[in-house]
Amino acid sequence: MHQEFTKVDSYIEKTSKNQSMKTSSHAETVTNPRDFLHTNVPQLADLDSLLRCHICKDFLSASVLTPCGHSFCSICIRKYLQKESKCPLCLSELTESMLQKEFLVQEICSSYVKLRDSLLQHLTKPFNDDRRNNEIKMTDDYIEVTKERRRTPDSPSLVGASAKKRKHDGITSLLMKKKTDHRHREEKTAQCPICSKYLPLSELEASHIDQCLLSSNTLERSDSFEILDERTPSLSAETQDQPMADVDTQSSSAVLKADEQKGVTFHNERYLNSGLQQRKEVRLPRLDLQSLSAAQLKQKLAYLGIPSNGNKQQMVARYKHYEMLWNSNFFDSIDPVDEIELKRRLSSWELKNNADHSSDGNSITNLLRGNKRSSLTASMIKLFNTDRFDRNAWVKHHSSAFKELKLEAMASHKQAKLKKENLSQSSIVEAEPNPETIPTDTKDTETNQ
Amino acid sequence: MQSLQTQETERLVSDPVPGITAEPHDDNLRYFQVTIEGPQQSPYENGIFQLELFLPDDYPMEAPKVRFLTKIYHPNIDRLGRICLDVLKNNWSPALQIRTVLLSVQALLASPNPNDPLANDVAEEWIKHEDTAIAEAKQWTELYAKPTQSEPQPE
């Protein structure tokens, strides 16, 4: 729900209520080509749009090419072609068998998606400095910034944008420091060396770095940022705006070096090596599903290892969806996931589409049990709906339970050991006149267990 | 889907089409309340028309459902507000969006097509006596689509 607000407020300055919502929902942000309109290079909005699927409006995922020259996400177009046999963009005839995978576009897209955040960050910077100059006459640190700023010419779009933002300047904006960690920096900010976010210096030093070090999954992000820092001369010039940040970055760069170098050519290498990879080229057969009997269908589904409950209609729908997932994954994607992941996606789809049927709900739980995830909670199941189930979140979410379990196991192990020792001890010191120790100890162990 | 809908909503709000507003309903984000201004130099000029738009579960594989709530005298819009428009039916494509659909509806107001009618009586009148039909449409606009009565202007 509150995703609705995540980005809207970056164009229309809304109430601070929305801004707090923005920070609260890190989970899934919605991007928009218009994000670039307020940067130094508004033309990037064009590129951003080009890399999107015209069906889902998100970045192309496992893109495929039609004979008429249009690209869509493999899943999106396959889903549509189950209904209609024409290209959504030009309405010319099109069937699933005419689709062609295109690894290059796939890699361009995923490479761009990784870079996007840091691009935005870098390109919006001068505009932030502008605001800082207008209101906060800072200490020595920022005299440099002011000079730098004067040299950079204002592009017309920026002037408009900053005028709009200016109403946020002043004391209130200083008070809202945390909300603006991504793009709006009002306080003395510096870049976190780990997650490369811009944060108020005080906060950064006090708590943020520690937090960052703890959460390992932010590392990936900083990769792309680092790359940009060093490889793009024009951009790294801008980083000098932030003397503090620079120091931090340099000190951390040694740590990140290995990851970074891998990251720079990752997509290129994967693209070049895609021919060498062994691919599972077994297309799921297009079955004449209606002519099959329910029993035959059941057999087919069971053979594939997917649930075979429900009526015939449900089974047909399930097979069709799985076929689509399978083909788009093993056929079209340069980076196919394994079957278990496909089954998870299938169950997430089914959960969404048959949420009303209790019997299906059971089958999903069963399916997931099969995948060794028996301790499902309702809240996490909901996440499946987005089809972007976050493994890290899952791990985090259950880390406390896991720790508890571990402690419990360790405790009981200890107890058992103690018990053993006591027993052996007792057998040795049986003659000693202290008969009470043994029974009480055993009792303790039992109650603890 | 979630993301798509969010994106579209966001764009509708942040980058509105002139003469068209669309706001998602608080309780149901698939349900939009839409207003369209009557195009200039059409019989619907100066009118503000209320519509409802609903995104079916299968959207964008399926076209959104659009219906006029304000009464309108138009050969392609019937008494119940249903619209005869190709992009809402056979010519729907998932590459289209809410905004393009609404633009098409606006265009339909600008150029009624009595040769592919939905409201037969209106279409007949339109073909036989275009002048009186247009006068009628103007009158209806005056009667039902007056901005003051039908809508408290946003902001």
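As recorded by an unreviewed UniProt entry, chain B carries the name E2 ubiquitin-conjugating enzyme and is attributed to Kluyveromyces dobzhanskii CBS 2104.

As annotated in an unreviewed UniProt entry, chain A is Postreplication repair E3 ubiquitin-protein ligase RAD18 from Kluyveromyces dobzhanskii CBS 2104. Reading the Function (unreviewed entry) entry of the UniProt record for chain A gives the comment "E3 RING-finger protein, member of the UBC2/RAD6 epistasis group. Associates to the E2 ubiquitin conjugating enzyme UBC2/RAD6 to form the UBC2-RAD18 ubiquitin ligase complex involved in postreplicative repair (PRR) of damaged DNA."

What follows deals with the overall build of chain B. Along chain B, the regular secondary structure elements total 5 helices and 4 strands. Reading the helices (α) and strands (β) of chain B from amino to carboxyl end gives α-β-β-β-β-α-α-α-α. When burial is assessed residue by residue, chain B has 39% of its 155 residues classed as buried.

Within chain A, the regular secondary structure consists of 21 helices and 5 strands. Buried positions account for 28% of the 449 residues belonging to chain A. Contacts in chain A between residues far apart in sequence, at least 24 positions, make up 55% of those at least 6 positions apart.

Residues and elements named next belong to chain A. Spatially, 3 strands are ordered E2-E1-E3 in an open sheet, and the strand pairing comes out antiparallel. Both outer strands of the open sheet, strand E2 (71-73) and strand E3 (100-101), are each paired with one neighbouring strand and no more. Here 2 bridges tie strand E1 (residues 63-65) to E3, and the two strands are oriented antiparallel to one another. Opposite Leu-65, over in E3, you have Gln-100 as the bridge partner.

What follows covers the packing of helix H5 (residues 103-123) of chain A against helix H14 (residues 266-273) of chain A. Residue and element names in this part refer to chain A. The contact between H5 and H14 brings their axes to 9 Å, and the two run at 165°. Here H14 runs roughly antiparallel to H5, going by the angle between their axes. Between H5 and H14 the crossing geometry is right-handed. Residues Phe-103, Leu-104, Glu-107, Ser-110 and Ser-111 of H5 form the contact with H14, whose own contacting residues are His-267, Arg-270 and Tyr-271.

Residues and elements named next belong to chain B. In the numbering used here, UniProt assigns the feature "active site" (unreviewed entry) to Cys-84. Exposure remark for Cys-84: the 18 C-beta atoms within 10 Å place this residue in the partly exposed category. Setting aside its immediate chain neighbours within four residues, Cys-84 contacts Asn-76, Asp-116 and Leu-118.

Residue and element names in this part refer to chain B. Of note, the amide linkage connecting Tyr-59 to Pro-60 takes the cis form, showing an omega dihedral of 5°. As for its placement among the helices and strands, Pro-60 is situated in the loop between strand E3 (48-54) and strand E4 (65-68). Even without glycine at this site, Asn-46 takes up a positive phi of about 75°. Relative to the helices and strands, Asn-46 is located in the loop between strand E2 (31-37) and E3. With 14 C-beta atoms counted inside 10 Å, the residue Asn-46 sits in the partly exposed group.

The subject of this paragraph is the environment of Leu-103 of chain B. Tracing the sequence through the fold places Leu-103 of chain B in helix H2 (residues 98-110). On a C-alpha basis, the gap between Leu-103 of chain B and Val-17 of chain B in space is 8.1 Å, while along the polypeptide they are 86 residues apart.

The subject of this paragraph is the nonpolar core. Counting 61 residues, the largest nonpolar core has Ile-55, Cys-73, Cys-76 and Ile-77 of chain A together with Val-105 of chain B as the members making the most contacts within it. Considering each element in turn, this core owes the most residues, 6 residues, to H2 of chain B. Each of domain 1 (33-123) and domain 2 (284-355) of chain A gives at least three residues to this core. Apart from residues lying up to four places away in sequence, Cys-73 of chain A is in contact with Cys-53, Ile-55, Cys-56, Leu-60, Ser-61, Ala-62 and Ser-63 of chain A.

What follows concerns the UniProt feature "domain: RING-type" (unreviewed entry) in chain A. Cross-referencing UniProt, the feature "domain: RING-type" (unreviewed entry) maps to residues 53-90 of chain A in the present numbering. As annotated, residues 53-90 of chain A comprises 21% helix and 16% strand, and the C-alpha atoms at either end are separated by 14 Å.

Here the focus is H5 of chain A. All names here are of chain A. Helix length check: H5, at 21 residues, gives a terminal C-alpha distance of 29 Å against a target of 30 Å (1.5 Å per residue), a fit within 8%. Of all the bends in H5, the largest measures some 45° and sits at Leu-115. Considered for burial, the residues of H5 that qualify are Gln-106, Glu-107, Cys-109, Ser-110, Lys-114, Ser-118, Leu-119, Leu-120, Gln-121 and His-122.

Put simply, side chains in a regular strand alternate between the two faces of the sheet. Residue and element names in this part refer to chain B. Looking at chain direction, E2 and E3 are connected through 7 bridges and run antiparallel. Opposite Gln-33, over in E3, you have Glu-52 as the bridge partner. As paired elements, E3 and E4 share 4 bridges and run antiparallel to each other. In the strand pairing of E4, Leu-53 is matched with Val-66.

This part is about the environment of Ser-49 of chain A. Residues and elements named next belong to chain A. Assignment of secondary structure puts Ser-49 in helix H3 (residues 44-50). Among the residues examined, Ser-49 registers 14 C-beta atoms within 10 Å and is labelled partly exposed. Taking the C-alpha atoms as reference, Ser-49 lies 5.7 Å from Pro-33; in sequence the two are 16 residues apart.

Residues and elements named next belong to chain B. In the predicted model, chain B carries a mean pLDDT of 85, and the fraction of residues at 70 or more is 90%. Ranking the elements of chain B by mean pLDDT puts helix H5 (residues 147-150) last, at 57, and E4 first, at 94. Every residue in residues 149-155 scores below 50 in pLDDT, and together they form 9 contacts with partners more than four places removed in sequence or on other chains. Quick note on the complex model: pTM equals 0.55, ipTM equals 0.77.

Cut-offs applied
Residues numbered from 1 in each chain as written. Chains lettered and ligands numbered in written order. Predicted model: local features only at pLDDT ≥ 70, side-chain atom pairs only at ≥ 80, totals over all residues. UniProt positions renumbered as here; feature names shortened; annotations may be inferred. Helix = DSSP H or I, 4+ residues; strand = E, 2+ residues; numbered from the N terminus. Buried ≥ 20, exposed ≤ 12 C-beta atoms within 10 Å, placed from the backbone. Contact = placed C-beta atoms within 7 Å. Pairing = 2+ DSSP bridges. Axes fitted to C-alpha atoms, helices over the stretch in contact; angles between N-to-C directions. Parallel < 35°, antiparallel > 145°, perpendicular 65-115°, else oblique. Left-handed = near helix turned anticlockwise from the far one by under 90°. Core = buried A, V, L, I, M, F, W, Y, C linked by C-beta atoms within 7 Å. Domains from an automatic or database assignment. Expected span 1.5 Å × (residues − 1). Bend = angle between axes of the 7 residues up to and from the residue. pLDDT = per-residue confidence, 0-100.

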